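# Survey of secondary and tertiary structure
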Amino acid sequence: MAARRAFGVSLLAHTRNRTQKHAGLWRQVSTARPSSLAIKEQREHEFKALGISPYPRYAEPPAGHPLVSHITVHSRWGQAMDNGAKLTNVQLTVQGRVVSKREASKKLFFFDIEQDKQTVQVVMSQARYTGDTAQFRKLNRALMVGDIVRVSGFVGKTNTGETSVFATMLPELLAPCLRPIPLRSGLVDSEKRFRNRHLDLLVNPQAKHALQTRSRVLRHIRQFLDTRQFTEVETPILSPSVGGASARPFATQSVAFDKTALYMRVAPELYLKQLVIGGFDRVYEIGKQFRNEGIDADHNPEFTTCEFYMAYAGLEDLMQMTEDLLREMARDIAGSTVLSLPDSTTSIDLGPPFSRIDVTQRLREHVPELPAILDEGSLPALQKILAKRQIPAVQPHTVPRLLDRLIGHYIEPGCVQPTFLYGHPAIMSPLAKCTSEEQSAAARFELFVNGKELVNAYEELNDPNLQREKFRAQAVERDQGDLEVPLPDSAFCDALETGLPPTAGWGMGVDRVVALLAQVAHLRETIAFPIMRPHHG
């Protein structure tokens, strides 16, 4: 018995910082670190000795003790009571995870239990319990930080002014915690955090905040588009063809179709435009895209986008909608249009009208020797420019890739405040209309914030003959070794021959917008379970 108590005291000695308790930060003071297996075996033995089922079916709370949220306990009764007051007629039940435990004596225990980021204190006093006193002591000693419990009693305040639930029944164990939670040491190392996301969310409030911000962003986007008469749709994630963006896809085979190659989508664009052809004038889709590429702070192979297509609209309509959406979203979610950047003294202001830069014109200011006509024949000149200026560019070299590299080097880093980049060379946008008969500039814009692309939009090319011609030009780039360029989609061109009305298309990287509003530096913070490099051996 002495050995068991020494084990328990070393593991359960806890302290609380009152100023941080309601922020959900747990504190645990421990002089020993028993192994997970030792904790598990010890606890299972205790449950058996006490005759407790550690995983009971969930049942209604005791009669006359309705279930009440922690926030209600504080807002409805806590603020109205004087120190030391006891409302014995207010019977209720609270539940949640034990985040702190203190044993004042063998007859008095204090627990803090947390649910939905709200914490309430529970006072377990033997004086208010009329049952078996030995069972009272054993059960309260057996409960640990991390356990999920339910407690019934009445509301009151301690003499020190802490709003509490004073238990009149034994606490109910709903689920035990059999592994240590790093409450004292914390969880900081990113590798450990994201491989143990459940622990990360328990001990790091900011981790949960980013995911809650994501939920609010998705809800806001849907509300914004739904009120403008858009229809939300779903298009295939798995398809025998790839299109809508230049990216290397993930590939698999279909057993049902004799091992036909199938691809995870890189963009839903071509399907959504076919819905517009079919009579859906305003459609949108929020969904996952998959691109077989590298991982860094701004890229993840699996990511979420929102794309919408609006018939009888142009670039100016999309620019205004983009400003309205992000401005309203910032006010609703962050409480201000001014957003602080992580690890920086710089702030972003989404309030004023966004800046605009003509990409081709600005690029010529930086690179006066840029060819007058930017088409397939410009490749040697562009290669020479990058070599002369010592700007590295990955192979294979194609005109769109090298132009994108120059824009990324000279223009994008300066777009800290919200900036529309427009007037891209037409060769960079094979699915977009052009602004003039010369076919030199695409009717397209990108929105950059803090040097990162958030939105890409353009007036959709609806000429099937011109679309086939641009697909053929892309096929040449693929033959030159650019495997990110999709194969021509003749079925899409056939659909265009039915007639696509003048349509404006818009796509936003949801993860990047969430990162901006949640003020985190890495996309993986915005994803519940980001992909990690597999362990080997």
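Above this text sits the structure in question.
This write-up is about the structure you can find in this document. (Residues numbered from 1 in each chain as written. Predicted model: local features only at pLDDT ≥ 70, side-chain atom pairs only at ≥ 80, totals over all residues. Heavy atoms only, no water.)

### What to know about the overall build of the protein chain
- Broken down by element type, the protein chain carries 16 helices and 19 strands.
- Against the 2.2 N^0.38 benchmark of 24 Å for 537 residues, the protein chain shows a C-alpha radius of gyration of 30 Å, more extended than a compact globule.
- For the protein chain, the spread of C-alpha atoms along the three principal axes comes to 90 × 55 × 50 Å.
- Within the protein chain, the fraction of its 537 residues that count as buried is 49%.
- Within the protein chain, residue pairs in contact and separated by at least 24 positions form 67% of the contacts whose partners lie at least 6 positions apart.
- About 26,100 Å² of surface is accessible on the protein chain, with carbon and sulfur atoms providing 52% of the total. (Helix = DSSP H or I, 4+ residues; strand = E, 2+ residues; numbered from the N terminus. Rg over C-alpha atoms; globule rule 2.2 N^0.38 Å. Buried < 20%, exposed > 50% of the residue type's maximum accessible area, 1.4 Å probe, protein only. Contact = heavy atoms within 4.5 Å. Areas by Shrake-Rupley, 256 points an atom, 1.4 Å probe, with all protein chains shown as cover.)

### Considering helix α11 (residues 359-366)
- Within α11, burial applies to Val359, Thr360 and Leu363. End-on view of α11: buried residues confined to an arc of 90°, all on one side of the axis.
- Where α11 is buried, its residues meet β15 (355-358), α13 (399-410) and β16 (419-422).
- Two or three places before Thr360, at the opening of α11, Asp358 has a side-chain oxygen 3.2 Å from that residue's backbone nitrogen. (Arc of directions from axis to C-beta. Polar contact = N/O pair within 3.5 Å; in protein donor to acceptor, adjacent residues only side chain to side chain.)

### Some remarks on the packing of helix α3 (residues 36-50) against helix α5 (residues 133-142)
- Where α3 meets α5, the closest approach of the two axes is 11 Å, and the angle between their N-to-C directions is 160°. Judged by the angle between their axes, α3 and α5 are roughly antiparallel. Between α3 and α5 the crossing geometry is left-handed. Residues Arg43, Glu46 and Leu50 of α3 touch α5, and the partners they reach there are Gln135, Lys138, Leu139 and Ala142.
- Residue composition of the contact of α3 with α5, by class: three nonpolar, one polar and three charged. (Axes fitted to C-alpha atoms, helices over the stretch in contact; angles between N-to-C directions. Parallel < 35°, antiparallel > 145°, perpendicular 65-115°, else oblique. Left-handed = near helix turned anticlockwise from the far one by under 90°. Nonpolar A, V, L, I, M, F, W, Y, C, P; charged D, E, K, R; others polar.)

### Section: the sheet that holds strand β12 (residues 302-311)
- Read from one edge of the open sheet, eight strands run β7-β11-β12-β19-β18-β17-β16-β15, paired in mixed fashion. Whereas interior strands pair on both sides, the edge strands pair on one side only; in this sheet they are β7 (231-232) and β15.
- Where β16 meets strand β17 (residues 444-449), four bridges bridge the pair, whose relative direction is antiparallel. Residue Tyr422 lies in a different strand from β17, and its bridge partner there is Phe445.
- This element, helix α8 (residues 205-226), spans β7, β11 (282-290), β12 and β19 (503-509) of the sheet and lies at about 155° to β11.
- Here helix α9 (residues 269-277) sits on the sheet in contact with β11, β12, β18 (452-459) and β19, set at roughly 25° to β12. (Pairing = 2+ DSSP bridges.)

### Comments concerning the pairing of β16
- In terms of strand pairing, β15 meets β16 through four bridges, oriented parallel. Counterpart to Arg356 in the pairing with β16 is Phe420.

### Details of the packing of aromatic side chains
- Under the defined criterion, the tally for this structure stands at seven aromatic pairs.
- On the numbers, 5.7 Å between centres and 25° between planes, the contact of Tyr129 with Phe136 is stacked.
- On the basis of relative accessible area, Tyr129 is assigned to the buried category, the value being 17%.
- With 5.6 Å between their ring centres and 15° between their planes, Phe154 and Phe166 make a pair best called stacked. Here Phe166 lies in strand β5 (residues 163-167) and Phe154 lies in strand β4 (residues 148-157), a separation of 12 residues in the sequence.
- Look at Phe154 and you get buried, because its relative accessible area is 8%.
- Under the relative-accessibility criterion, Phe166 is labelled buried at 3%. (Phe/Tyr/Trp six-rings, centres within 6.5 Å; stacked < 30°, edge-to-face > 60°.)

### Examining the side chain of Ser164
- Counting through the fold element by element, Ser164 comes out in strand β5.
- The exposure class assigned to Ser164 is buried, which follows from its relative accessible area of 0%.
- A distance of 2.8 Å separates a polar atom in the side chain of Ser164 from a polar atom in the side chain of Gln121.
- Reaching out from Ser164, the side chain makes a polar contact with the backbone oxygen of Glu162 at a distance of 3.0 Å.
- With residues up to four places along the chain from it excluded, the contact list for Ser164 reads Gln121, Val123, Phe154, Val155, Gly156 and Thr158.

### Some thoughts on the pattern of salt bridges
- Tallied over the full model, the rule gives 24 salt bridges.
- Residue Arg150 is joined to Glu172 by a salt bridge in which the shortest nitrogen-to-oxygen separation is 3.1 Å. Here the residue Arg150 occupies a position in strand β4, and Glu172 occupies one in strand β6 (residues 172-175), the gap between them amounting to 22 residues.
- By relative accessible area, which is 28% here, Glu172 ends up partly exposed.
- Between Asp482 and Arg401 there is a salt bridge, with its nearest N and O atoms 2.9 Å apart. One end of the pair, Asp482, is in the loop between α14 (464-479) and α15 (490-496); the other, Arg401, is in helix α13, and 81 residues separate them in sequence. (Salt bridge = Lys/Arg side-chain N within 4 Å of Asp/Glu carboxyl O.)

### Re the nonpolar core
- In this structure, Val217, Ile221, Leu225, Phe445, Trp506 and Met508 are the most contacted members of the largest nonpolar core, which totals 42 residues.
- The element that contributes the greatest number of residues to this core is helix α10 (residues 315-334), accounting for nine residues.
- Those residues in contact with Trp506 that lie beyond four places of it in its chain are Cys306, Glu307, Phe308, Leu318, Thr322, Leu325, Phe445, Val455, Asn456 and Ala457.
- Trp77, Val98, Met124 and Ala167 belong to the second largest nonpolar core, which has 36 residues in total. (Core = buried A, V, L, I, M, F, W, Y, C linked by side-chain atoms within 4.5 Å.)

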